[in-house]
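Commentary on secondary and tertiary structure
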Number of protein chains: 2
Amino acid sequence: MRSVNLVLMGFGNVGKAFASLIAEKSALCRDRYGLDLRLKAAFRSTGGYFAAPGSDIMGIAELIASATADPPGWKTGLRLEEVLIDLEPGVLVECTPTELKTGNPGLSHITRALDRKWHIAAASKGALVLKFRELMARAKKHGVQIKYSGATAAALPTVDVGLLSLAGTEILGIEGILNGVTNLIMTRMEEGMTFLDALKETQSRGIAEPDPSLDVDGWDAACKILLISNSVAGTNFSLSDIALEGIRGVTIEDIQKAKKEGKALKHLGRLIRDGGRDKAEVKLTAIEGNHPMFHVAGTNKAITYFTDTMGAITVSGGKSDPRGTAAALLKDIINIYRS
Amino acid sequence: MRSVNLVLMGFGNVGKAFASLIAEKSALCRDRYGLDLRLKAAFRSTGGYFAAPGSDIMGIAELIASATADPPGWKTGLRLEEVLIDLEPGVLVECTPTELKTGNPGLSHITRALDRKWHIAAASKGALVLKFRELMARAKKHGVQIKYSGATAAALPTVDVGLLSLAGTEILGIEGILNGVTNLIMTRMEEGMTFLDALKETQSRGIAEPDPSLDVDGWDAACKILLISNSVAGTNFSLSDIALEGIRGVTIEDIQKAKKEGKALKHLGRLIRDGGRDKAEVKLTAIEGNHPMFHVAGTNKAITYFTDTMGAITVSGGKSDPRGTAAALLKDIINIYRS
């Protein structure tokens, strides 16, 4: 049995779902994988919960929700450094909001943790999108791993399929429906709703953010195709390399036109390898009825890898909700200690 | 750079494709994975090719095909023991025909190799289907691994997605189109061909065997659902536990009837978890138009895992040919040395 310390950064929907999930799955992690997961600290913007020496804060999400007990270890203004210095290195779980200008606060959390030889499981994208090679090199230098399933379509496996299941192949191209919000909005528009009504509905259900720009302008999908392509296909894209088309301009008529031709309009992320030149884009594309993503509707996602020796491999489905993202983070933690 | 000795058992279509593929991919394996693959011996039923000390027989498939040189190292009646004793342990690549009564010759090859601390990458199914737990325990005892992507839908990733990409989930059920031959025959029947004509065409194209029973009576799909379920879902099925329906009785009318109802008749392998009771089957099933496998036609295959935390994950596609199987064997070898 191996004891693994966890520190959680960000206690929003994903952070809370992660705290709940590891409490629920702790017996499974011990029995099946020989891992005794110990949530030692959890941070939100104003401070953090930090377990007393020898204890942990597993189940803290339920404690806070039930309000039947004072959440243990709350300290206003608690700093990450205090926690990292005090603990045997384990995995830092990065769930703060994605920010694409500086990558912070995730970038600061990740670099501090790497420098103290903590592994990283990330759901936030900013730091990795802006500093992918630097962070991977820094992790290598310290002999630790960075995993980011939670940032690359979460419950839909993308990077680990590309790296492990397709090991030994050449990646000839990638395409994917990588954002559940835009796919859901376009599914509702196919049913006759306007863009604005579909967006409002998606926001009122808590699926889209109040500021929907990351999703509907394509930034989220761009981050994902960048991270997947740089990881699996060895490219070195920056965000500015990715040709970006959002879905704000789509009309019901555009969608109906595709439908009449037996096609479906989808918001696709793509890596296109044209001889020696690699191009990445996020674009509206009408796909044929026999395309493997034709029926990928609602919040479902999908990715296709085109390879030299195995043909085309498509992965589809995967829950688009905080629990699915939490499950992707847990998977990454298990696989860090497997290898 | 790590030097890895390989011994290939079986020099039929898959064995030859494997020998060609590792010659073609040797630079990639060195550059990307730090593995210097060395094919040291290759066996067929009458004897084997065995490289002289310090050399290898990479490229032997091309040498034999071109007949421009005498294939090096041929020795009639060469025995596996002679080769294993002589070499630093690496990976035994098992590509002999699948036999489901005794599991031989594969079973004998695998046990001998395990006992000399060789890893196994298997495309043949018999030994694993008949002795799954015994062989896995034997490998564990010797500190080596058995991988069998080549025996579990080959280029379509199944077991590694289940074990790695879905780590930490509970598997609530599995279903798959796991046999490319029956899927192709039924696709041709949907186009109006009788079962016998479609079978003959598939045989004349070298896709179905002269004795098609393993495929059309469902044994091959049964082997795959058994291996996948026992690996990923922790079941302990024997072949006799699997309810088996072949496709010899399917008529064009059956297929047209499903089509008229907007459905497609598919030959599905399934793990059904009903409370505490697990059931496995291979059965003809009419699936709806929005089912993720509705469009999986021809020699394509697919698998869906139903999970507790990530929803349903479907993988589809993957080349059904000897090169695709060879690529699955190469992937397994790379991943053996990654972990």
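Just above, that's the structure.
First, a word on what this report is: a plain description of the structure on this page. It should be emphasised that the depicted structure is a prediction, and the values quoted were computed from it without experimental measurement. (Residues numbered from 1 in each chain as written. Chains lettered and ligands numbered in written order. Predicted model: local features only at pLDDT ≥ 70, side-chain atom pairs only at ≥ 80, totals over all residues.)

Describing the overall build of chain A
The secondary structure content of chain A amounts to 13 helices and 13 strands. In terms of C-alpha radius of gyration, chain A reaches 20 Å, essentially the compact-globule figure of 20 Å for 339 residues. Each principal axis of the C-alpha distribution contributes one length, and for chain A these read about 65 × 45 × 40 Å. The 339 residues of chain A split such that 53% are buried. By sequence separation, contacts in chain A at least 24 residues apart represent 71% of the contacts at least 6 residues apart. (Helix = DSSP H or I, 4+ residues; strand = E, 2+ residues; numbered from the N terminus. Rg over C-alpha atoms; globule rule 2.2 N^0.38 Å. Buried ≥ 20, exposed ≤ 12 C-beta atoms within 10 Å, placed from the backbone. Contact = placed C-beta atoms within 7 Å.)

With respect to the relation of the copies chain A and chain B
Here chain A sits on chain B after a turn of 180° about the axis and a move of 0.0 Å along it, with an RMSD of 0.0 Å. Both chain copies can therefore be described as sitting about a two-fold axis. (Least-squares fit on C-alpha atoms with pLDDT ≥ 70 in both.)

Notes on the nonpolar core
Where a protein is soluble and globular, its nonpolar side chains tend to be buried together. Core analysis: the biggest nonpolar cluster contains 188 residues, and Leu-8, Phe-18 and Val-93 of chain A together with Leu-8, Phe-18 and Val-93 of chain B have the highest contact counts within it. Residues in contact with Phe-18 of chain B, not counting those within four places in the same chain, are Leu-8, Val-93, Cys-95, Ala-326 and Leu-329 of chain B. (Core = buried A, V, L, I, M, F, W, Y, C linked by C-beta atoms within 7 Å.)

Quick notes on the interface of chain A and chain B
With 34 residues of chain A in contact, the opposing surface of chain B contributes 34 residues. Only helix H7 (159–165), strand S13 (312–317) and helix H13 (322–338) of chain A provide two or more residues apiece to the side of chain A that touches chain B. Residues belonging to the side of chain A that touches chain B are distributed by class as follows: 14 nonpolar, 14 polar and 6 charged. In this structure, S13 of chain A lies alongside strand S13 (residues 312–317) of chain B, joined through 5 bridges in antiparallel fashion. What sits directly across from Val-315 of chain A, in S13 of chain B, is Val-315 of chain B. (Nonpolar A, V, L, I, M, F, W, Y, C, P; charged D, E, K, R; others polar. Pairing = 2+ DSSP bridges.)

Here's the deal with unusual backbone geometry
At the junction of Asn-104 of chain A and Pro-105 of chain A, the peptide bond is cis and its omega measures out at 5° in the coordinates. Positionally, Pro-105 of chain A belongs in the loop between strand S5 (91–94) and helix H5 (106–115). Positive phi outside glycine occurs at Ala-153 of chain A, with the angle close to 85°. With respect to the element layout, Ala-153 of chain A can be found in the loop between strand S7 (146–147) and H7. With phi around 65°, Lys-117 of chain B is a residue other than glycine that occupies positive phi space. By secondary structure assignment, the location of Lys-117 of chain B is in the loop between helix H5 (106–115) and strand S6 (119–122).

Digging into the environment of Ile-120 of chain A
Residues and elements named next belong to chain A. Within the element layout of this structure, Ile-120 appears in strand S6 (residues 119–122). Taking the C-alpha atoms as reference points, Ile-120 and Gly-90, 30 residues apart in sequence, are found 8.6 Å from one another. The contact partners of Ile-120, leaving out residues within four places of it in the chain, are Leu-92, Glu-94, Ile-110, Ala-113, Leu-114, Ile-146 and Lys-147.

A word on the pairing of strand S8 (residues 171–177) of chain A
Residues and elements named next belong to chain A. Inspection of the sheet shows S8 paired to strand S12 (residues 301–307) by 6 bridges, in the antiparallel sense. Note that in S12 the partner of Gly-173 across the bridge is Phe-306. For S8 and strand S10 (residues 264–274), the ladder comprises 4 bridges, and the chain directions are antiparallel. Of the residues in S10, the one forming a bridge with Ile-174 is Leu-271.

A look at the packing of H5 of chain B against helix H7 (residues 132–142) of chain B
All names here are of chain B. Contact geometry of H5 with H7 gives a least axis separation of 9 Å together with a crossing angle of 20°. In terms of orientation, H5 and H7 fall into the roughly parallel class. Remark: the crossing between H5 and H7 carries left-handed chirality. Contact residues: H5 offers Ile-110, Thr-111, Leu-114 and Asp-115, while H7 offers Leu-135, Arg-138, Ala-139 and His-142. Its residues assigned to classes, the contact of H5 with H7 comprises 4 nonpolar, 2 polar and 2 charged. (Axes fitted to C-alpha atoms, helices over the stretch in contact; angles between N-to-C directions. Parallel < 35°, antiparallel > 145°, perpendicular 65-115°, else oblique. Left-handed = near helix turned anticlockwise from the far one by under 90°.)

Description of the sheet that holds strand S11 (residues 277–287) of chain A
Note: strands within a sheet are paired through backbone hydrogen bonds, in either parallel or antiparallel orientation. Strand order in the open sheet formed by 12 strands is S9(A)-S11(A)-S10(A)-S8(A)-S12(A)-S13(A)-S13(B)-S12(B)-S8(B)-S10(B)-S11(B)-S9(B), with mixed pairing between adjacent strands. In the strand order of this sheet, the two ends are held by strand S9 (243–244) of chain A together with strand S9 (243–244) of chain B, each with one partner. Pairing geometry for strand S12 (residues 301–307) of chain B and S13 of chain B, over 6 bridges, is antiparallel. Along S13 of chain B, the bridge assignment pairs Ile-303 of chain B with Val-315 of chain B.

Observations regarding helix H9 (residues 180–190) of chain B
Residue and element names in this part refer to chain B. The element H9 is largely enclosed, with a buried count of 8 among its 11 residues. Among the residues of H9, Gly-180, Val-181, Thr-182, Asn-183, Leu-184, Ile-185, Met-186 and Met-189 are the ones counted as buried. Looking at the buried residues of H9, the elements they touch are strand S8 (171–177), helix H10 (195–204), helix H11 (213–216), helix H13 (252–260), strand S10 (264–274) and S12. Downstream of H9 by a residue or two, Gly-192 has a phi angle that is positive, lying close to 115°.

Considerations on the environment of Leu-166 of chain B
All names here are of chain B. When you line up the elements, Leu-166 lands in the loop between helix H8 (159–165) and S8. Sequence separation between Leu-166 and Asp-220 is 54 residues; the distance between their C-alpha atoms is 25 Å. When near neighbours in sequence (up to four residues on either side) are disregarded, Leu-166 contacts Val-161, Tyr-305, Thr-307, Met-310 and Ile-313.

Digging into the environment of Asp-308 of chain A
Residues and elements named next belong to chain A. Here Asp-308 shows up in the loop between S12 and S13. Here the alpha-carbon distance between Asp-308 and Glu-170, two residues 138 residues apart in the chain, equals 5.5 Å. The residues contacting Asp-308, other than those within four sequence positions of it, are Thr-169, Glu-170 and Leu-172.

Remarks on the packing of H9 of chain B against H10 of chain B
Residue and element names in this part refer to chain B. Packing of H9 against H10 brings their axes to within 9 Å, and their N-to-C directions diverge by 130°. The orientation of H9 relative to H10 falls into the category oblique. The interaxial crossing formed by H9 with H10 has right-handed handedness. Counting all contacts with H9, which are made through Val-181, Leu-184, Ile-185, Arg-188 and Met-189, the residues of H10 involved are Phe-195, Ala-198, Leu-199, Glu-201 and Thr-202. Considering only residue class, the contact of H9 with H10 consists of 7 nonpolar, 1 polar and 2 charged.

Let's talk about the sheet that holds strand S1 (residues 2–9) of chain A
Residue and element names in this part refer to chain A. Judged by pairing direction, the sheet is mixed, and its 7 strands sit side by side in the order S4-S3-S2-S1-S5-S6-S7 without closing on themselves. The open sheet terminates on both sides in strands that have one partner only, identified here as strand S4 (74–76) and S7. Of the strand pairs in this sheet, S1 and S5 are connected by 4 bridges, and their pairing is parallel. Counted as the bridge partner of Val-7 is Leu-92 from S5. Across the sheet, helix H1 (residues 13–24) touches S1, strand S2 (35–44) and S5, and the angle it forms with S2 is around 155°.

Notes on the pairing of strand S3 (residues 47–50) of chain A
Residue and element names in this part refer to chain A. As paired strands, S2 and S3 are joined by 4 bridges and run antiparallel to one another. The residue of S3 that forms the bridge with Ala-42 is Tyr-49. Hairpin connection of S2 to S3: 2 residues between the antiparallel strands.

Just distances and angles here, no functional claims.
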